[in-house]
Amino acid sequence: MRDLAADLSQALAILDLQQPVLVGHSGSCLMVRRLALDSPRHVAGLILEASPAAMVEHPAFADFVTGSLALLRDPIDHDFIAQFVRNGATSHAETRRAEEEINDVAKVPAHVWQRLSTGMLEYDDRADLPRITCPVLLLWGDADPLVDGSVQQRRSALMPRARLVIFPGAGHSPRLDSPQRFADEVAHFMSQLDR
C-alpha cells in the first residue's frame, strides 16, 4: 500500500493535480487512505466506497491468499477470475459490470495478484486512521456481502471528519446499484469542501 500510494503521489505531481479528492473502492481505499496519511496537505478529501478494515481482520481473505492465490499461474483461468469478480455482486447492474471487469482483470499477471494480495494482508492502518483529518465520505451498501456495517461504523468513528452514508439494499458497489443517489452524495460532499 505504501508503494502504491507513493506511485499515486508521483502521478498526481506529474498531472499537476493539487489537493485532489481521492476516490477508492474496496481494496483501493487502503491506498488512498495511505496517501492521505503520508501527504495530508496534498489531499482535499476522500470518498471511500465499501472501505474495508485491515485485511488481517478477514480470515477468509488470508485463506484465499495463502491457498488458491498462492497456486495461481499464468495464464489465469477465466473461471477463477469470473468467480473473484462476481463474488461481491448483489445486483443485476453489478453482474453486468462484472463482465467488463473480468476482461480487465484477466490482463493482470499472477505474480501481481499474489504480491498485491500479500501486501494487503500485511498492511494495517487502523491505528493511524485518526490522523486522517481531511473530510471523508464513506459510502456503503447494507447488502454488501464483503464489508460489514460494523466496519463502516468503526471507520466513521475513527476519522474525525468522516460521514457515513448507507445505501439500503445496495451491495459492494453502491455506485452501480444506486447511481443517482451516489452521484448526489458525491456532489454534496464536493460542494461542502473548503477550496
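Refer to the structure above for everything that follows.
Residues numbered from 1 in each chain as written. Predicted model: local features only at pLDDT ≥ 70, side-chain atom pairs only at ≥ 80, totals over all residues. Heavy atoms only, no water.

Peer 1: Before we go on, may I ask you to explain the overall build of the protein in this structure?
Peer 2: Along the protein, the regular secondary structure elements total nine helices and four strands. Seen in sequence order, the protein has helices and strands lined up from the N terminus as α-β-α-β-α-α-α-α-β-α-β-α-α. On C-alpha atoms alone, the protein measures out to a radius of gyration of 17 Å, which is about the 16 Å that the 2.2 N^0.38 rule sets for 195 residues. When the backbone C-alpha atoms are referred to their principal axes, the protein occupies close to 45 × 35 × 30 Å. Looking at the protein as a whole, 44% of its 195 residues qualify as buried. Sequence separation of at least 24 residues holds for 73% of the intrachain contacts in the protein that already meet a minimum separation of 6. Approximately 10300 Å² of the protein is accessible, and the part contributed by carbon and sulfur atoms is 55%. Mean positive and mean negative side-chain charge positions of the protein (19 and 26 charges, respectively) differ by 5 Å. (Helix = DSSP H or I, 4+ residues; strand = E, 2+ residues; numbered from the N terminus. Rg over C-alpha atoms; globule rule 2.2 N^0.38 Å. Buried < 20%, exposed > 50% of the residue type's maximum accessible area, 1.4 Å probe, protein only. Contact = heavy atoms within 4.5 Å. Areas by Shrake-Rupley, 256 points an atom, 1.4 Å probe, with all protein chains shown as cover. Lys, Arg positive; Asp, Glu negative; His and termini not counted. Charge placed at Lys NZ, Arg CZ, Asp CG, Glu CD.)

Peer 1: Just checking my understanding: could you explain the sheet that holds strand β2 (residues 45–49) for this structure?
Peer 2: Spatial ordering of the open sheet is given by β1-β2-β3-β4, a layout of four strands whose pairing is parallel. The open sheet is flanked by β1 (21–25) and β4 (162–167), the only strands paired with a single partner. Looking at each pair of strands side by side, their axes are set apart by 15 degrees on average, direction ignored. In this sheet, β4 lies alongside strand β3 (residues 136–141) in parallel orientation, the contact comprising six bridges. For L138, the partnering residue across the bridge sits in β4 and is L164. (Pairing = 2+ DSSP bridges. Axes fitted to C-alpha atoms, helices over the stretch in contact; angles between N-to-C directions.)

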